[in-house]
Amino acid sequence: EEALSLLSTFESQDQAQIRQVLLTITSGQEMDLLRFGTRNGEILALESDSELDDYTYRVAGCVGEFWTHICSAHLFPEAQIDFKTFLAHGIRFGQGLQLVNILRDLPSDLRQGRCYIPQTRLAEHGLRPSDLLAPEKEPAFRSLYDDYLRKASECLADGWIYTCTVPRKCVRVRLACAWPVLIGAKTLIHLQRQKVLDPAVRVKVSRQEVRKIMFTSILRYPFPGSWAKLFQNDQLSLR
């Protein structure tokens, strides 16, 4: 009740944005429950890449969309930005972060009966969702998994463009965008090197790596050329 009562304290346009993003997120959560709630012990998978794109938009891409509208309205309303492109990059930014989570959490999701890798794509490689429970199937699965690593990397690249589009004077906003992009990129690099179907392997960026990312980004912030290379340097091994 306390949280809901605060809604009325926002401007009408902000209220509309808040309602819209909550509606979109909860619709994605509801679809997830309906999709996987009747599995009867079997592993259910998304049908296609379009379903995956829709899911990542509903639970994360819409947050990038919301963030873009709110920041543009309140923090840099006069900035000379191609808003349509900026908004598209913001959506892809959110989708990329969610895709990183999906790829990282694949073994645990499978054991809960959820497979976010579309079954049409699995079938192209002679695989079924249940096959991914067997770590020995990784060689057959790896090329498809790497395709999704590249897709996530491309989304994060758009997230980095988004970050660098935010006016430089908005230091905290830029850093708030940069850190998840760079941590996500580091996670992808770890996933490229690890056995991703083994439930005993938990891929996670270490606290030391996170601290290094934060320190380096702050240190380089005053130097635009050096700052711009932060993401590029992390991504070299994925190309």
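The notes below deal with the structure included here. (Residues numbered from 1 in each chain as written. Predicted model: local features only at pLDDT ≥ 70, side-chain atom pairs only at ≥ 80, totals over all residues. Heavy atoms only, no water.)

Within the protein chain, the secondary structure is distributed over ten helices and two strands. Mapped in sequence order, the helices and strands of the protein chain form the string α-α-β-α-α-α-β-α-α-α-α-α. For the protein chain, whose C-alpha radius of gyration is 19 Å, the value lies close to the compact-globule estimate of 18 Å for 239 residues. Across its three principal axes, the protein chain shows a C-alpha extent of roughly 55 × 45 × 30 Å. Taking all 239 residues of the protein chain together, 45% fall into the buried category. Within the protein chain, contacts between residues at least 6 apart in sequence are counted, and of these 72% link residues at least 24 apart. Looking at the protein chain as shown, the accessible area adds up to about 12,900 Å², and 55% of this sits on carbon and sulfur atoms. (Helix = DSSP H or I, 4+ residues; strand = E, 2+ residues; numbered from the N terminus. Rg over C-alpha atoms; globule rule 2.2 N^0.38 Å. Buried < 20%, exposed > 50% of the residue type's maximum accessible area, 1.4 Å probe, protein only. Contact = heavy atoms within 4.5 Å. Areas by Shrake-Rupley, 256 points an atom, 1.4 Å probe, with all protein chains shown as cover.)

Nonpolar side chains tend toward joint burial in soluble globular proteins. With 53 residues, the main nonpolar core has Leu-103, Ile-117 and Phe-141 as its most contacted residues. At the level of elements, β1 (44–45), α3 (49–74), α4 (83–104), α5 (106–110), α7 (138–165), α8 (171–193) and α10 (224–235) are the ones that each hand at least two residues to this core. In contact with Phe-141, not counting residues within four places along its chain, are Leu-106, Ile-117, Leu-122, Leu-127, Leu-132, Val-196 and Leu-197. (Core = buried A, V, L, I, M, F, W, Y, C linked by side-chain atoms within 4.5 Å.)

Glancing now at the packing of α7 against α8. Two numbers describe how α7 lies on α8: the axes approach to 10 Å, and their chain directions differ by 165 degrees. Compared by their axis directions, α7 and α8 come out roughly antiparallel. Relative to α8, α7 is oriented so that their crossing is left-handed. Contacts between α7 and α8 involve Arg-142, Tyr-145, Leu-149, Ala-152, Ser-153, Leu-156, Gly-159, Trp-160, Tyr-162, Thr-163 and Cys-164 from the former and Arg-174, Cys-177, Ala-178, Val-181, Leu-182, Gly-184, Ala-185, Leu-188, Leu-191 and Gln-192 from the latter. For the contact of α7 with α8, a count of residues per class yields 14 nonpolar, five polar and two charged. (Axes fitted to C-alpha atoms, helices over the stretch in contact; angles between N-to-C directions. Parallel < 35°, antiparallel > 145°, perpendicular 65-115°, else oblique. Left-handed = near helix turned anticlockwise from the far one by under 90°. Nonpolar A, V, L, I, M, F, W, Y, C, P; charged D, E, K, R; others polar.)

Here the focus is the packing of aromatic side chains. For the structure on display, the rule yields nine aromatic pairs. Considering the side-chain rings of Tyr-55 and Tyr-116, the 5.0 Å spacing of their centres and the 20 degrees angle between planes classify their relative orientation as stacked. Of this pair, Tyr-55 sits in helix α3 while Tyr-116 sits in the loop between β2 (114–115) and α6 (119–124), placing them 61 residues apart in sequence. Looking at Tyr-55, the relative accessible area reads 10%, which means it is buried. Connected via pairs of aromatic rings, a cluster forms that spans Phe-76, Phe-86, Phe-93 and Tyr-162. Here Arg-168 stacks its cationic end above the ring of Tyr-221, 4.7 Å away from the centre of that ring. (Phe/Tyr/Trp six-rings, centres within 6.5 Å; stacked < 30°, edge-to-face > 60°. Lys NZ or Arg CZ within 6 Å of the ring centre and 35° of its normal.)

This part is about α3. For α3, with 26 residues, the first-to-last C-alpha span of 35 Å sits near the 38 Å given by 1.5 Å per residue. Arg-58 marks where α3 bends most, by close to 55 degrees. Taken together, the buried positions of α3 are occupied by Leu-52, Tyr-55, Thr-56, Val-59, Ala-60, Gly-61, Cys-62, Gly-64, Thr-68, Cys-71 and Ser-72. Structurally, α3 contributes buried residues whose contacts are with α2 (12–36), α4, α7 and α8. (Expected span 1.5 Å × (residues − 1). Bend = angle between axes of the 7 residues up to and from the residue.)

Looking now at the side chain of Arg-174. One can find Arg-174 in helix α8. At 3.4 Å, the side chain of Arg-174 and the backbone oxygen of Thr-163 are in polar contact. One polar contact links the side chain of Arg-174 to the main-chain carbonyl oxygen of Cys-164, over a distance of 2.8 Å. Those residues in contact with Arg-174, other than ones at most four positions away along the chain, are Thr-163, Cys-164, Val-166, Pro-167, Arg-168, Tyr-221 and Trp-227. (Polar contact = N/O pair within 3.5 Å; in protein donor to acceptor, adjacent residues only side chain to side chain.)

Bringing the state of the cysteines into the picture now. If you walk through the whole model with that rule in mind, you get zero disulfides. In this model Cys-170 remains outside any disulfide bridge; the closest cysteine sulfur is found in Cys-71, 7.9 Å from its own. Cys-170 sits in the buried class, given a relative accessible area of 10%. (Disulfide = S-S within 2.5 Å.)

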